[in-house]
Amino acid sequence: MQSVDTAVTDVATATKKFFKRVLPILLVMLVCNQLNRSNIGYAQAQLEADVGIGAAAYGLGAGLFFIAYAIFELPSNVMMEKYGAKVWLSRIMVSWGIVAFLMAFVQDETMFYVLRFLLGAAEAGFFPAVIFYFARWVPAGQRGKATAIFIAGSSVAAAISGPIAGLLLSLNSVLGLRGWQWLFGFEGMLSVAVGAVVFFLLDARVQDATWLSDGEKSALGAAIAAEDARHVSAGEGRLDRWKMLLNPQILLLCGIYFAIQLSVYANTFWLPSIIRRIPGTTDLSVGFLSAVPWVCAIVAMYFAARWQDKAKSRRPLLAVALLVAAAGTLAAAVASPALALVFLSVAAMGFKSATPLFWTIPQSGLHPLVLAPAIAVINSLGNLGGFVAPFGFGVIKEQTGSVTPGLFALAAASTLAAGLVCFVKERRTERGPRAQHGAGRIQEAVTAP
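Model, not experiment: these values are computed from the prediction. (Residues numbered from 1 in each chain as written. Predicted model: local features only at pLDDT ≥ 70, side-chain atom pairs only at ≥ 80, totals over all residues. Heavy atoms only, no water.)

## Observations regarding the overall build of the protein
Move 1: Broken down by element type, the protein carries 19 helices and zero strands.
Move 2: Taking all 449 residues of the protein together, 55% fall into the buried category.
Move 3: Taking the contacts inside the protein whose residues are at least 6 apart along the sequence as the reference set, 84% of them involve residues at least 24 apart. (Helix = DSSP H or I, 4+ residues; strand = E, 2+ residues; numbered from the N terminus. Buried < 20%, exposed > 50% of the residue type's maximum accessible area, 1.4 Å probe, protein only. Contact = heavy atoms within 4.5 Å.)

## Examining helix 18 (residues 404–420)
Move 1: With 17 residues, helix 18 extends 25 Å from end C-alpha to end C-alpha; this agrees with the ideal 24 Å at 1.5 Å per step.
Move 2: When helix 18 is considered as a whole, its buried residues turn out to be Thr404, Gly406, Leu407, Leu410, Ala411, Ala413, Ser414, Ala417 and Ala418. (Expected span 1.5 Å × (residues − 1).)

## Observations concerning the environment of Arg21
Move 1: Mapped onto the elements of the fold, Arg21 is located in helix 1 (residues 4–21).
Move 2: Residue classification places Arg21 among the partly exposed positions, given a relative accessible area of 33%.
Move 3: The residues contacting Arg21, other than those within four sequence positions of it, are Leu201, Asp203 and Trp211.
Move 4: In terms of polar contacts, Arg21 uses its side chain to reach the backbone carbonyl oxygen of Leu201, at 3.1 Å. (Polar contact = N/O pair within 3.5 Å; in protein donor to acceptor, adjacent residues only side chain to side chain.)

## Description of helix 6 (residues 126–137)
Move 1: Counted at 1.5 Å a residue, the expected span for helix 6 with its twelve residues is 16 Å, and the 17 Å between its end C-alpha atoms agrees.
Move 2: Taken across its twelve residues, helix 6 has eleven buried, putting it largely inside the fold.
Move 3: The set of residues buried in helix 6 consists of Phe126, Phe127, Pro128, Ala129, Val130, Ile131, Phe132, Tyr133, Phe134, Ala135 and Trp137.

## Quick look at the environment of Ala304
Move 1: Relative to the helices and strands, Ala304 resides in helix 13 (residues 291–308).
Move 2: Residues Ala304 and Lys145, spaced 159 residues apart in sequence, show a C-alpha to C-alpha distance of 9.7 Å.
Move 3: When near neighbours in sequence (up to four residues on either side) are disregarded, Ala304 contacts Ser353 and Leu357.

## Regarding a nonpolar patch on the surface
Move 1: A contiguous nonpolar surface patch, about 420 Å² in accessible area, is contributed by Tyr83, Val87, Phe199 and Phe200.
Move 2: With respect to the element layout, Phe199 can be found in helix 8 (residues 179–201). (Patch = residues over 30% accessible without salt bridge, like charges linked within 9 Å, V, L, I, M, F, W, Y side chains within 5 Å. Areas by Shrake-Rupley, 256 points an atom, 1.4 Å probe, with all protein chains shown as cover. Salt bridge = Lys/Arg side-chain N within 4 Å of Asp/Glu carboxyl O.)

## Regarding the packing of helix 2 (residues 23–51) against helix 4 (residues 85–102)
Helices that pack against each other are described as a pair by the angle of their axes relative to one another and the distance between those axes.
Move 1: One can describe the packing of helix 2 onto helix 4 by two numbers: an axis separation of 11 Å at closest approach and a directional angle of 25°. On the basis of the axis angle, helix 2 is roughly parallel to helix 4. In this structure, helix 2 crosses over helix 4, and the sense of that crossing is left-handed. Each of Leu26, Met29, Cys32, Asn33 and Asn36 in helix 2 lies in contact with helix 4, whose residues at this interface are Leu89, Met93, Trp96 and Ala100. (Axes fitted to C-alpha atoms, helices over the stretch in contact; angles between N-to-C directions. Parallel < 35°, antiparallel > 145°, perpendicular 65-115°, else oblique. Left-handed = near helix turned anticlockwise from the far one by under 90°.)

## Concerning the pattern of salt bridges
Move 1: Within the structure shown, the criterion is met by four salt bridges.
Move 2: The partner of Arg178 in a salt bridge is Asp50, and the shortest N-O contact between them spans 2.6 Å. Residue Arg178 is located in the loop between helix 7 (140–169) and helix 8, and its partner Asp50 is located in helix 2; the two are separated by 128 residues in the primary sequence.
Move 3: Relative accessible area serves as the criterion here: at 34%, Asp50 is assigned to the partly exposed category.
Move 4: Where Arg205 meets Asp208, a salt bridge forms, and the shortest distance between an N and an O atom there is 3.1 Å.

## Details of the side chain of Gln44
Move 1: Structurally, Gln44 can be placed in helix 2.
Move 2: Apart from residues no more than four positions distant in its own chain, Gln44 is found in contact with Ala55, Tyr58, Trp270 and Ser273.

## Focus on the packing of helix 4 against helix 8
Move 1: One way to put it is that helix 4 packs onto helix 8 with a least axis distance of 7 Å and a crossing angle of 165°. Overall, the two elements helix 4 and helix 8 adopt an arrangement that is roughly antiparallel. Helix 8 is crossed by helix 4, and the crossing has left-handed handedness. Contacts from Lys86, Val87, Ser90, Met93, Val94, Trp96, Gly97, Ile98, Ala100 and Phe101 in helix 4 reach Phe184, Gly185, Gly188, Met189, Ser191, Val192, Val194, Gly195, Ala196, Val198 and Phe199 in helix 8.

## Description of the confidence of the model for the protein
Move 1: On average, residues of the protein score 81 in pLDDT, and 87% of them reach the 70 mark or higher.
Move 2: Long-range and interchain partners of residues 429–449, a stretch whose pLDDT sits below 50, account for 26 contacts in this model, where long-range means more than four residues apart. (pLDDT = per-residue confidence, 0-100.)

## A closer look at the packing of aromatic side chains
Centre distance and the angle of the planes are the two values used to describe a pair of aromatic rings.
Move 1: Under the criterion given, the structure shown has 22 aromatic pairs.
Move 2: Ring centres of Phe101 and Phe105 lie 5.6 Å apart, and the angle between their planes is 70°; this geometry places the pair in the edge-to-face category.
Move 3: For Phe101, a relative accessible area of 28% gives the class partly exposed.
Move 4: Phe105 gets classed as partly exposed once you look at its relative accessible area, which sits at 44%.
Move 5: When the centroid spacing of 6.4 Å and the interplanar angle of 50° are considered together, the rings of Phe126 and Phe150 count as tilted. One end of the pair, Phe126, is in helix 6; the other, Phe150, is in helix 7, with 24 residues separating them in the sequence.
Move 6: With relative accessibility at 2%, the residue Phe126 sits in the buried group.
Move 7: Site record: aromatic cluster; members linked through ring pairs are Phe18, Phe19, Trp96, Phe126, Tyr133, Phe134, Trp137, Phe150 and Trp211. (Phe/Tyr/Trp six-rings, centres within 6.5 Å; stacked < 30°, edge-to-face > 60°.)

Structure (structure tokens):
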């Protein structure tokens, strides 16, 4: 038997160990993931010159990734629940690394489309699997922090992907390979290597963690179970989890996340092209300048993470972040190329901060029985913004020679999403007596025979 004080101490210690040991592994995986997602943005100019892939074809290929992602997201997440995070996350990473490596051998538009679709199929399930993994390992009070740190990893990846891409593209003609071949080949093999190592480092369940003491395993498992129990009444336990996915709240969350992803992937795939409008830029300078918005986003996400874990409701913070994204994008649409980079940095601070704020809402408010498939549905349908944004920008640029109309559309979408946030139901953070009652539930779970 464990006392309440001992159980609370063990939960805190176990959570700290998770942050120090497991979260860095997941962050390295995310960095590799984002490198392979965004590299075509930097390779676009060389792909057009060497393979003949124009703006519209590039936008379609960039977007096909997300069509495959949406199709295979839910099946992949179901398989993750069956085989566990250790096996499935490693499989996902090795698979996308192999496909990304094959991108170095693209010869025409058809091959480009096929490989981008296969890359989306290979990556499907990665993000919701990690979010669900947090729900099984991290107590609710620390889950927002874990999610924010994890998502901040995508900004770190975006910040370093530009300089790395610039350096790899500058290897043009070395060993008879084009710069874009170096880019795809190196980053693809890096993912394969990391995925193989992750298999030996990641644990699927709390009970499997040799780096936790028996008391810490018991207390952490009991804390997670107690939180799940607070969501479940006697009647709720018999609900059909698939029918719950038809809940209007989940569809509303899909719409908000769709708008966020529009901004994320429009900038991911078209930011280098926008920066190239600045006179005198080269592949190397474009790569380094592309890091500026993402560095700003990292700073903004740090403060957003501090505020969100203190706030009773994340909705006001999420609405403000979306409005900041809208204002920055709108200003960038009418500014000079150099000032556009400044305003896109402001926009990045908004839409990147919105992402971790958004994910704390379904994590805390959805029924445990539907959490994993709901996250998969929200992520897959929301990620269709990753198809609409690059494809739409590609068509707009090919027809008008500019991406300015696309920036106006992004600003409108972020503004609309900020309004939709008002209709989201959220479970507020428990404080005072109710939090103490939660500690009592932990004691009950720990001391139960």
